[in-house]
Every structure is written in C-alpha cells, then in structure tokens.
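Structure assessment
Here is what each chain is made of, one letter per residue.
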Amino acid sequence: MRIAQLTDTHIKAPATLAYGRVDTARYLEAAVAHINSMASDLDAVFITGDLVDGGKAIEYAVLYSILSGLTVPFYLACGNHDDRAGIRQAFPDPRYDDDPKAPLQYVIEWKNLRGIVLDSSVPGESHGQFCESRLAWLADTLKARPDIPAMIFMHHPPFETGIHHMDVQNLRQSERFFEVLTKAGTVRHIACGHVHRACETVLNGIGVSIAPSPAHAVSLDFDPTGQPGYTLEPPLLRVFNVSDKGQVVSHLSPIGQFDGPHPFFNSDGSFL
C-alpha cells in the first residue's frame, strides 16, 4: 500500500492570505494536482489537522471545494485550529460520532493495514492531549484486530523537535499514549503534523514522523529565545510505502514540476 500525507493546510476565507502573505489555497491546489499525478500509485490520503486556519464554515467550504478535486480517497484529522462540528458539517461521514463536539476518531481498514485517525486536539488550546476516554477507545480499537498492523494519523507530535515554541504545544502526557501502543504491539508508525517541518524519530520502538506543510514552513530555529516565524521553503508531502508485512518506509515528495526523470543508461545498457 502507498499512503500520502498532507497536513497543516490552514485554509482561509476566499481571497484571504495567511499572515498577509501566504496563499494557502493556491498551495493546496498545487498539492492536490501533485497527488492526482501520483494517483495510480496511491491508495489513500490522510490530512492530519489544522485543515483550516480559524475553524470557520467559510474556510471549510473552501477546503471542501479544493479537496473535492482529489481522485484518491482522503481522510481528515482534527488539529488545534479546527472545529470538530465544522469538519462534520462540511465533510459528513458515517464513521464520525454523532455528537458534534466529540473527538473525531475512526478507523479505515484494508486487507493488510488499519489506518487509525486520532483527535489530539484540546478545544481552545494549542497543545494536544488524550483524555482517558480517548485512550480507552484506542486500546479497544487496537485490541479488536491484533492480527493486522496499524498506522496512526494525528495532529500533535509526541516528541520534542528542538524548536522551542512548537515543543511547548506538542502532545502532553504522551507516556500514557505509548503505554497503550506498547501493550497492543501492532502499531508500526505514527504520522503527525503541527510543526510544519519534516521530522522523524523512533519512540518505544515505533517510528514517528511529522509531515511538512504544503505551504509555509516553521523556521528551523533552535534558539529558545528566538522570535517564532515561518519561511516559504519548497513545499513537500509525505508518502508512505507499506509492505504486505506492515513495514513502513517514509518518503518526501516535492510538490511541483521538475526536469526529468531521465534514464541512466542507453537502450543497449551502456552508461549515458
């Protein structure tokens, strides 16, 4: 299987730029076109939160109009900029809990893999945290299919990146989260967003990654006293290649048109 991941699209109202400079809608349109160009190689797209910038209905309407152009099935997670009821209204799905304020968490199942979407958001706060009821739901969900490897898709990363102003708003009390994962033993990878940069690590034997935003990147600044900011780096998305046995390999794919591909060899096998 191959799964693409987008995150932190931060869509705003029509003709409104993020920070007065970033046209997030245009960047997302380019990402959708890029994913569609890879559609024959993809089984799904997960978009891991901060779908819009202000949780407003008009922003979700813009998001819907853009994502409707995807030719690959897509699944949404909730971030700290999102509104659970707003997501449910714009993207109705029978997998969602009927309570508009309930955490947005559900499971996508394929033959050899389960994609588990978790809601790490805390309404009104920037950081993430799982309450005991969400952890209990996760434990029951993992216990239900001990025979199939799982990937988790969520917004807040459960580790520090070294970028101080983002690390203070990551996933809190992640020890309980990993207790649940370790006990189940089926989770192969955790795919997160929030930091707007490509980062990877391993925690408790599980690979964990953060996908970059297809628009603006959080500046790579390790000075804890520095001013938080963003840079307009080349946009990227993540692509996961998952083997039949559940081995997860992560790639980064730059969004846009680039020269190539070009052959290494002539038709007779000689080097060019």
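Look up a bit, the structure's there.
On a predicted model such as this, the values are computed, not experimentally measured, just so you know.

A look at the overall build of the protein chain
Helix and strand counts for the protein chain stand at six helices and 15 strands. Its C-alpha radius of gyration of 19 Å places the protein chain within 12% of the 19 Å reference for a compact globule of 272 residues. Each principal axis of the C-alpha atoms in the protein chain carries an extent, and together these give about 60 × 50 × 40 Å. The buried share among the 272 residues of the protein chain stands at 51%. The long-range share in the protein chain, meaning contacts at least 24 apart out of those at least 6 apart in sequence, stands at 66%. Of the roughly 12,900 Å² of accessible surface on the protein chain, 52% is carried by carbon and sulfur atoms.

Focus on the layout of surface pockets
In this structure, the largest pocket spans a volume of roughly 270 Å³. Along its surface, the largest pocket is lined by 16 residues, and Tyr-19, His-165, Met-166, His-196 and Val-218 are the ones closest to its centre. Of the residues in the lining of the largest pocket, the class split is five nonpolar, ten polar and one charged.

Some points on the packing of helix H1 (residues 24-37) against helix H2 (residues 57-67)
One way to put it is that H1 packs onto H2 with a least axis distance of 10 Å and a crossing angle of 25°. Relative to H2, the element H1 is oriented roughly parallel. Note on packing geometry: the crossing formed by H1 with H2 is right-handed. Contact with H1, carried on its side by Ala-25, Leu-28, Glu-29 and Val-32, involves Leu-63, Ile-66 and Leu-67 of H2 and no other residues of that element.

So, the packing of aromatic side chains
How two aromatic rings sit relative to each other is set out by the distance from centre to centre and by the angle between their planes. Applying the stated criterion to the full structure yields eleven aromatic pairs. Summarising the aromatic geometry, the rings of Phe-46 and Trp-110 are spaced 6.3 Å apart at their centres and angled 75° between planes, so their arrangement reads as edge-to-face. Of this pair, Phe-46 sits in strand E2 (residues 44-48) while Trp-110 sits in the loop between strand E4 (106-109) and strand E5 (114-117); the two residues are 64 residues apart in sequence, bridging distant segments of the chain. We classify Trp-110 as partly exposed; its relative accessible area is 21%. Between Phe-177 and Phe-178, the aromatic rings sit 5.3 Å apart at their centres with planes inclined by 65°, giving edge-to-face as the arrangement. Just as Phe-177 is buried, Phe-178 falls in that class too. Connected via pairs of aromatic rings, a cluster forms that spans Phe-46, Tyr-75, Trp-110, Phe-153 and Phe-240.

Some words on the pattern of salt bridges
This structure, assessed with the given rule, holds ten salt bridges. Two residues, Arg-84 and Asp-119, come together in a salt bridge whose shortest N-O distance is 2.9 Å. Here Asp-119 lies in the loop between E5 and strand E6 (128-129) and Arg-84 lies in helix H3 (residues 84-90), a separation of 35 residues in the sequence. Both residues of the pair, Arg-84 and Asp-119, belong to the buried class. Of the charged contacts, one joins Arg-95 and Asp-93 as a salt bridge, the two residues approaching to 3.0 Å between their closest N and O atoms. Each of Glu-109, Arg-114, Arg-145 and Asp-147 takes part in salt bridges that share partners, so that together they form one network.

Conventions and cut-offs
Residues numbered from 1 in each chain as written. Predicted model: local features only at pLDDT ≥ 70, side-chain atom pairs only at ≥ 80, totals over all residues. Heavy atoms only, no water. Helix = DSSP H or I, 4+ residues; strand = E, 2+ residues; numbered from the N terminus. Rg over C-alpha atoms; globule rule 2.2 N^0.38 Å. Buried < 20%, exposed > 50% of the residue type's maximum accessible area, 1.4 Å probe, protein only. Contact = heavy atoms within 4.5 Å. Areas by Shrake-Rupley, 256 points an atom, 1.4 Å probe, with all protein chains shown as cover. 1 Å grid on protein atoms, 1.4 Å probe; cavity = no way out; pocket = protein on both sides within 12 Å on 5 of 7 lines; lining within 4 Å. Points joined across faces, edges and corners; volume = space filled by probe spheres on them. Nonpolar A, V, L, I, M, F, W, Y, C, P; charged D, E, K, R; others polar. Axes fitted to C-alpha atoms, helices over the stretch in contact; angles between N-to-C directions. Parallel < 35°, antiparallel > 145°, perpendicular 65-115°, else oblique. Left-handed = near helix turned anticlockwise from the far one by under 90°. Phe/Tyr/Trp six-rings, centres within 6.5 Å; stacked < 30°, edge-to-face > 60°. Salt bridge = Lys/Arg side-chain N within 4 Å of Asp/Glu carboxyl O.

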